[in-house]
Amino acid sequence: MATGRFQELRVYHLAEKLADNIWKIVDKWESLPKDTIGRQIIRSADSIGANIAEGVGRGSYQDNRRFVRMARGSLYETQHWLRRAYRRSLLTDEQVKLLKLIINDLAPQLNGYLKSIGNFSDD
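Calculation rules
- Residues numbered from 1 in each chain as written.
- Predicted model: local features only at pLDDT ≥ 70, side-chain atom pairs only at ≥ 80, totals over all residues.
- Heavy atoms only, no water.
- Helix = DSSP H or I, 4+ residues; strand = E, 2+ residues; numbered from the N terminus.
- Rg over C-alpha atoms; globule rule 2.2 N^0.38 Å.
- Contact = heavy atoms within 4.5 Å.
- Areas by Shrake-Rupley, 256 points an atom, 1.4 Å probe, with all protein chains shown as cover.
- Lys, Arg positive; Asp, Glu negative; His and termini not counted.
- Charge placed at Lys NZ, Arg CZ, Asp CG, Glu CD.
- Buried < 20%, exposed > 50% of the residue type's maximum accessible area, 1.4 Å probe, protein only.
- Expected span 1.5 Å × (residues − 1).

> What am I meant to see in the overall build of the chain here?
Across its full length, the chain holds four helices and zero strands. Overall, the chain shows an N-to-C arrangement of helices and strands of α-α-α-α. Scaling as 2.2 N^0.38, a compact globule of 123 residues should have a C-alpha radius of gyration of about 14 Å, and the chain matches this with 15 Å. Taking all contacts inside the chain whose residues are at least 6 apart in sequence as the whole, residues at least 24 apart take part in 76%. With an accessible surface of roughly 7400 Å², the chain has 51% of that area assigned to carbon and sulfur atoms. Side-chain charges of the chain comprise 20 positive and 15 negative groups, with the mean position of each set lying 5 Å from the other.

Structure, rendered in structure tokens:
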């Protein structure tokens, strides 16, 4: 598993990749799904990377850990909305496969990053 700054950047870029792919998919939806579930899924997906960035910018390990946990929560929320979108026939099998590949890479990387910053003190 990657360490330090490289790991942080890897996780952040995966979060961006997921959010960008979700945006492209939702952008093609009709107005009702776009205005309801679409807004929610875009917001939760964008929040993953935003929380990672904010945690790094806070300057303390404790704050960084807190924001990475929020990023993980946003990832779980995104997965919830993706399941809802699939059940409502808004996602194709191909789209699900693509997003699942990203999530299956992002989730363990995010947990690994959290563990790596959990071993330091702010003193």
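> I'm lost on unusual backbone geometry in this one. Help?
For residues other than glycine, phi is negative in most cases, and the peptide bonds are mostly trans. The phi dihedral of S89 falls on the positive side, at around 60°, and the residue is not glycine. Residue placement: S89 occurs in the loop between helix 3 (61-87) and helix 4 (93-117). Under the relative-accessibility criterion, S89 is labelled exposed at 64%.

> Explain helix 3 to me, please; I cannot follow it from the model alone.
Its 27 residues place the ends of helix 3 39 Å apart at the C-alpha level, agreeing with the 39 Å of an ideal helix rising 1.5 Å per residue. Where helix 3 is concerned, the buried positions are N64, R65, F67, V68, A71, S74, L75, T78, W81, L82 and A85. Of the residues trailing helix 3, S89 is marked for its positive phi of about 60°.

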